[in-house]
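# Report on the structure
Next come the chains, spelled out residue by residue.
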Amino acid sequence: MGCCRVPGPALALLLLLCPPPSPACPAACRCSSGEVDCSERGLREVPWSLSTNTSTLWLGYNFITVLGPRSFPRLPGLRLLSLVHNRLELIHSRALLGLGALQELDLSHNHLTVLTPETFLPLSSLATLNLGSNRLGELEPGVPGALPQLQALFLQDNPWVCSCSILPLWRWLSHNREKVREKSLLLCRAPEQLNKYPIMAFGDESFRQCQDILLSPEYYISFFIIGPFSFIASIFFCTFMGSLVVFYHSLRRESHCWRRPRICRVH
């Protein structure tokens, strides 16, 4: 009643001529041809209504403090992500899922103190990572190691603690010097006697007193399983050797008594 039915072929033609509208640009952002600029908008979280064809996303100069699990919608075409000058303190290990095509990530000028390799595993295409001007005292070498395509790593202006704990990172940096940018700004902050000392100037002799072998969990398991058995075996071995020594001395004494029976009778 009162309805107008559109023939199937005509409906198909209309859909071809009038494709569905693309997803709207987030209200707080400016969008143009794959680039989304959400800088300086007072944001406290990542906008969710982002188009899947977004290739560049600017989120700098906001108030984002945490990137929780799946903080981003699926963005298969995202190549550049900037979170510079936020207040980031924590990035969840699943925060960057869905960003497998990302090539450049700028996390500089934030409040990051700890990063884990698991966080960066989804970023198999990442070539540039900027962690400069954060609050990193140390960094697991597994973080850059999780990025097979990494070409440029920025770590300058962090309060690096140059103790034995920085040895694994120093080894990675020494073997990947061509990937480290701003080397002259990679300076110790602590201890006081090494303040402003360049990390890249250390040599092997600088870590001579450090623990050189990091024991794996398998080592501890083997130690606790084999250790008690080794202890018991050593007791049996010592008892056996002691018995042999006593038996040997007994034989010598009998032989001595057979040769000099008068002395033996006195005893």
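This is a predicted model, so every value here is computed, not measured.

### Describing helix α4 (residues 167–175)
Within an α-helix, residues lying three or four positions from one another point in the same direction, as the helix has 3.6 residues per turn. Taken together, the buried positions of α4 are L167, L169, W170, W172 and L173. Buried residues along α4 sit against α3 (142–145), β9 (152–154), β10 (160–161) and β11 (180–181).

### Some details on the environment of R189
Looking at the secondary structure, you find R189 in strand β12 (residues 188–190). For the pair formed by R189 and N158, sequence separation is 31 residues and the distance between their alpha carbons is 7.9 Å. Filtering out sequence-adjacent residues up to four positions away, R189 remains in contact with N158, P159, W160 and N195.

### Examining the state of the cysteines
All told, the structure shown has 4 disulfides when counted by the stated rule. Here C162 is linked by a disulfide to C188, with a sulfur-sulfur distance of 1.9 Å. Handedness of the C162-C188 disulfide follows from its S-S torsion of about -95°: it is left-handed. Of the two residues, C162 sits in the loop between β10 and α4 while C188 sits in strand β12, which places them 26 residues apart along the sequence. Taking relative accessible area as the criterion, C188 reaches 3% and is therefore assigned buried.

### Comments concerning the pattern of salt bridges
Taken as a whole and assessed by the stated rule, the structure comprises 1 salt bridge. For D37, the salt bridge goes to R30, with nearest N and O atoms at 2.9 Å. Using a relative accessible area of 45% as the deciding quantity, one classes R30 as partly exposed.

### A closer look at the nonpolar core
By size, the foremost hydrophobic cluster in this structure holds 53 residues, and its most contacted members are F72, L81, L105, L107, L129 and I199. Per element, the largest residue contribution to this core is 5 residues, and it comes from α4. Apart from the residues within four sequence positions on either side, F72 is in contact with V46, W48, L57, L59, L67, L81, L83, A95, L96, L97 and L99.

### Notes on the sheet that holds strand β7 (residues 104–106)
Judged by pairing direction, the sheet is mixed, and its 8 strands sit side by side in the order β1-β2-β3-β5-β7-β8-β9-β11 without closing on themselves. Among the strands making up the open sheet, the edge pair consists of β1 (30–32) and β11. Summarising the sheet, strand β3 (residues 56–58) and strand β5 (residues 80–82) pair through 3 bridges and their orientation is parallel. Its bridge partner lying in β5, T56 is registered against L80.

### Let's talk about the packing of aromatic side chains
Evaluation of the coordinates by the stated rule reveals 3 aromatic pairs. With centroids separated by 4.9 Å and ring planes inclined at 40°, the aromatic side chains of W170 and F207 adopt a geometry described as tilted. Here W170, found in helix α4, pairs with F207, found in the loop between β12 and α5 (217–259); they are 37 residues apart in sequence, far enough to count as distant. Among the residues examined, W170 registers a relative accessible area of 7% and is labelled buried. Residue classification places F207 among the buried positions, given a relative accessible area of 10%. When the ring of F202 is compared with that of F207, the centres are 5.6 Å apart and the planes differ by 65°; the resulting orientation is edge-to-face. The exposure class of F202 is buried, given its relative accessible area of 11%. An aromatic cluster of at least three residues, connected via ring pairs, comprises W170, Y197, F202 and F207.

### As for unusual backbone geometry
Residue P191 follows A190 across a cis peptide bond; omega there is -5°. Checked against the element boundaries, P191 lands in the loop between β12 and α5. In this structure, E40 takes a positive phi of about 50° despite not being glycine. Considering the arrangement of structural elements, one finds E40 in the loop between β2 (35–37) and β3.

Analysis parameters
- Residues numbered from 1 in each chain as written.
- Predicted model: local features only at pLDDT ≥ 70, side-chain atom pairs only at ≥ 80, totals over all residues.
- Heavy atoms only, no water.
- Buried < 20%, exposed > 50% of the residue type's maximum accessible area, 1.4 Å probe, protein only.
- Helix = DSSP H or I, 4+ residues; strand = E, 2+ residues; numbered from the N terminus.
- Contact = heavy atoms within 4.5 Å.
- Disulfide = S-S within 2.5 Å.
- Salt bridge = Lys/Arg side-chain N within 4 Å of Asp/Glu carboxyl O.
- Core = buried A, V, L, I, M, F, W, Y, C linked by side-chain atoms within 4.5 Å.
- Pairing = 2+ DSSP bridges.
- Phe/Tyr/Trp six-rings, centres within 6.5 Å; stacked < 30°, edge-to-face > 60°.

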